[in-house]
Amino acid sequence: MQAPLVSVITPFYNVEGYLREAIESVLHQDYTNWELLLVDDGSSDDSTAIAREYAASFPEKIRCLAHPGGVNKGVPASRNLALGGCQGAYIALLDADDYWFRGKLAHQVAIAEQYPEAALICGASLYWNSWADGDKKDVAVPVGGPQDELIRPPLAALELYPLGKGAAPCPCSILVKRDTALRHHGFEEDFRGKYQFYEDQAFLVKIYLNEPIYICSRAMDRYRQRPGSLMAQSEREKNYAEVRHFFLKWLRAFLKREGIRDQAVEKKVNEAFLPYRYPLLHKIKSSLKRR
């Protein structure tokens with residue numbers, strides 16, 4: 001039996017209303033050399049039963065994983081669990097409430113073949129508002145930085161959020177080499193709870209600083225906008241500044257630990273720390289800018 005080229009990783013936690021749609025979007029791909037790992041992160045609703053139903057119906061394509069004792073450990077730990085047990089040379093991320101268009105994997109695998117140096121491929125996403133309200137428009141959001149070409153490190157770290165002004169890729173748009181993810185120690189499990197909002201950024205910046213990436217201008221996925229998302233939760237709890245500060249402290253420690261000394265990156269990090277070092281001055285400057 002042929003080993004899959006792409007391992008799709010989908011952690012899930014109490015998403016019974018969305019999980020089927022995400023799984024079906026993988027099953028409907030016109031590229032078929034994939035496996036899907038569904039990681040139960042301690043769900044208490046019908047998500048677990050849905051995942052097991054699909055695994056039983058497609059045993060050669062879909063597997064269910066869970067943490068020992070069925071505990072909740074967060075998205076990074078769930079992705080790492082799948083990363084340690086998958087077979088593909090590439091990892092594709094799909095959150096349990098998002099959706100892929102039919103040609104997503106075929107398009108990205110073709111790019112991977114054309115640009116074998118690219119450790120990570122990502123692209124624009126359709127911010128999906130219409131799923132809940134047909135009067136709301138879906139918005140295509142391109143990733144910042146040069147489009148449809150190979151980007152050398154550390155350019156993406158300088159140009160993309162959270163250090164740059166360009167939009168970051170959504171997790172559902174990411175295809176990354178498995179060896180690359182393992183070499184950079186996978187996903188950072190300290191980013192859980194309220195800090196999980198930045199877990200994808202911690203993973204991505206490790207790649208940006210060390211590896212060539214490719215940004216595609218074409219939107220191949222739907223990124224669901226919903227009240228229960230991490231972004232919406234952060235806005236409700238008004239803890240974004242605290243979460244960002246946690247990330248910046250982690251990033252500074254990472255740069256020191258890895259011996260990464262790039263003047264442009266250090267300048268960006270220092271600028272990002274200014275609101276926390278001089279909060280009153282930052283507040284005054286922000287107020288003046290709004291006038």
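Refer to the preceding data block for the structure.
None of these values were measured; they are calculated from a predicted model. (Residues numbered from 1 in each chain as written. Predicted model: local features only at pLDDT ≥ 70, side-chain atom pairs only at ≥ 80, totals over all residues. Heavy atoms only, no water.)

### Considerations on the packing of helix 9 (residues 240-258) against helix 10 (residues 263-277)
Any two packed helices are characterised by the angle at which their axes cross and by the distance between the axes.
Link 1 in the chain: Between helix 9 and helix 10, whose axes approach to 10 Å, the crossing angle comes to 145 degrees. For the pair helix 9 and helix 10, the sense of crossing is left-handed. Judged by residue contacts, A241, R244, H245, L248, K249, L251, R252 and L255 of helix 9 engage V265, V269, N270, A272, F273, Y276 and R277 from helix 10. (Axes fitted to C-alpha atoms, helices over the stretch in contact; angles between N-to-C directions. Helix = DSSP H or I, 4+ residues; strand = E, 2+ residues; numbered from the N terminus. Left-handed = near helix turned anticlockwise from the far one by under 90°. Contact = heavy atoms within 4.5 Å.)

### Some remarks on unusual backbone geometry
Link 1 in the chain: For the bond from P153 to P154, the omega torsion is 5 degrees, close enough to zero to count as cis.
Link 2 in the chain: Relative to the helices and strands, P154 is located in the loop between strand 9 (149-151) and helix 5 (155-159).
Link 3 in the chain: Cis geometry is adopted by the peptide bond preceding P162, which originates at Y161 and carries an omega value of 15 degrees.
Link 4 in the chain: The residue P162 is located in the loop between helix 5 and strand 10 (175-177) in this model.
Link 5 in the chain: Notably, N14 is not glycine yet its phi reads approximately 50 degrees, a positive angle.
Link 6 in the chain: Within the secondary structure layout, N14 lies in the loop between strand 1 (6-12) and helix 1 (19-27).

### Structural notes on the pattern of salt bridges
Link 1 in the chain: Following the criterion strictly, the structure yields eleven salt bridges and no others.
Link 2 in the chain: E117 serves as the salt-bridge partner of R152, at 2.7 Å between the closest nitrogen and oxygen. Taken together, the residues span a long stretch of sequence, with R152 in the loop between strand 9 and helix 5 and E117 in the loop between helix 4 (104-114) and strand 6 (120-123) at a distance of 35 residues.
Link 3 in the chain: E117 gets classed as partly exposed once you look at its relative accessible area, which sits at 45%.
Link 4 in the chain: A cluster of three or more residues bridged by salt bridges with shared partners is formed by R79, D95 and E199. (Salt bridge = Lys/Arg side-chain N within 4 Å of Asp/Glu carboxyl O. Buried < 20%, exposed > 50% of the residue type's maximum accessible area, 1.4 Å probe, protein only.)

### So, the sheet that holds strand 1
Link 1 in the chain: On the basis of which strands lie adjacent, the open sheet formed by eight strands has the order 3-2-1-4-10-6-11-9 and mixed pairing. Where the open sheet ends on each side, the last strands, each with one partner, are strand 3 (62-66) and strand 9. Here the average twist between neighbouring strands, direction ignored, is 25 degrees.
Link 2 in the chain: Note that strand 9 and strand 11 (residues 213-216) share three bridges and pair antiparallel. Paired with I151 across the strands is I213, a residue of strand 11.
Link 3 in the chain: Of the strands in this sheet, strand 1, strand 2 (34-40) and strand 3 touch helix 2 (residues 47-57), which is tilted by about 145 degrees from strand 3. (Pairing = 2+ DSSP bridges.)

### Let's talk about the nonpolar core
Link 1 in the chain: Membership of the largest hydrophobic core comes to 46 residues, with the highest contact counts inside it found for L120, L209, I213, F247, W250, L251 and L255.
Link 2 in the chain: In terms of residues, this core owes the most to one element, helix 9, which gives seven residues.
Link 3 in the chain: Each residue touching L251, except ones within four places of it in the same chain, is listed here: L163, V205, L209 and V269.
Link 4 in the chain: Listed in part, the 38 residues of the second largest apolar core include C170, L175, Y214 and C216. (Core = buried A, V, L, I, M, F, W, Y, C linked by side-chain atoms within 4.5 Å.)

### Overview of the environment of R226
Link 1 in the chain: Relative to the helices and strands, R226 is located in the loop between strand 12 (221-224) and helix 8 (230-237).
Link 2 in the chain: Measuring from C-alpha to C-alpha, the distance between R226 and D46 comes to 19 Å, with 180 residues separating the pair along the chain.

### Concerning the packing of aromatic side chains
Link 1 in the chain: Following the criterion strictly, the structure yields 17 aromatic pairs and no others.
Link 2 in the chain: Ring centres of Y161 and Y198 lie 6.0 Å apart, and the angle between their planes is 35 degrees; this geometry places the pair in the tilted category. Highlighted residues: Y161 in the loop between helix 5 and strand 10 and Y198 in the loop between helix 6 (178-183) and helix 7 (199-208), separated in sequence by 37 residues.
Link 3 in the chain: Residue Y198 is classed as buried on the basis of its relative accessible area of 0%.
Link 4 in the chain: When the centroid spacing of 5.9 Å and the interplanar angle of 80 degrees are considered together, the rings of F197 and Y240 count as edge-to-face. A residue pair is termed long-range when its members are at least 10 positions apart, and F197 in the loop between helix 6 and helix 7 and Y240 in helix 9 qualify at 43 residues.
Link 5 in the chain: A relative accessible area of 15% means that F197 is categorised as buried.
Link 6 in the chain: Overall, Y240 belongs to the partly exposed group, its relative accessible area being 32%.
Link 7 in the chain: Site record: aromatic cluster; members linked through ring pairs are Y161, F191, Y195, F197, Y198, Y240, F246, F247, W250 and F254. (Phe/Tyr/Trp six-rings, centres within 6.5 Å; stacked < 30°, edge-to-face > 60°.)

### Points about the pairing of strand 2
Link 1 in the chain: For strand 2, the buried fraction is high: seven of the seven residues fall into the buried class.
Link 2 in the chain: Side-chain alternation along strand 2 places W34, L36, L38 and D40 on one buried face and E35, L37 and V39 on a second face that is also buried.
Link 3 in the chain: The pairing of strand 1 with strand 2 spans seven bridges and is parallel. Following the sheet pairing, P11 is matched in strand 2 by V39.
Link 4 in the chain: Handedness of the β-α-β unit built from strand 1, helix 1 and strand 2 comes out right-handed.
Link 5 in the chain: As defined by bridge partners, strand 2 adjoins strand 3 across five bridges and the pair is classed as parallel. Paired with D40 across the bridge in strand 3 is A66.
Link 6 in the chain: As a crossover connection, the stretch from strand 2 through helix 2 into strand 3 is right-handed. (Right-handed = clockwise from strand over helix to strand, strands pointing away.)

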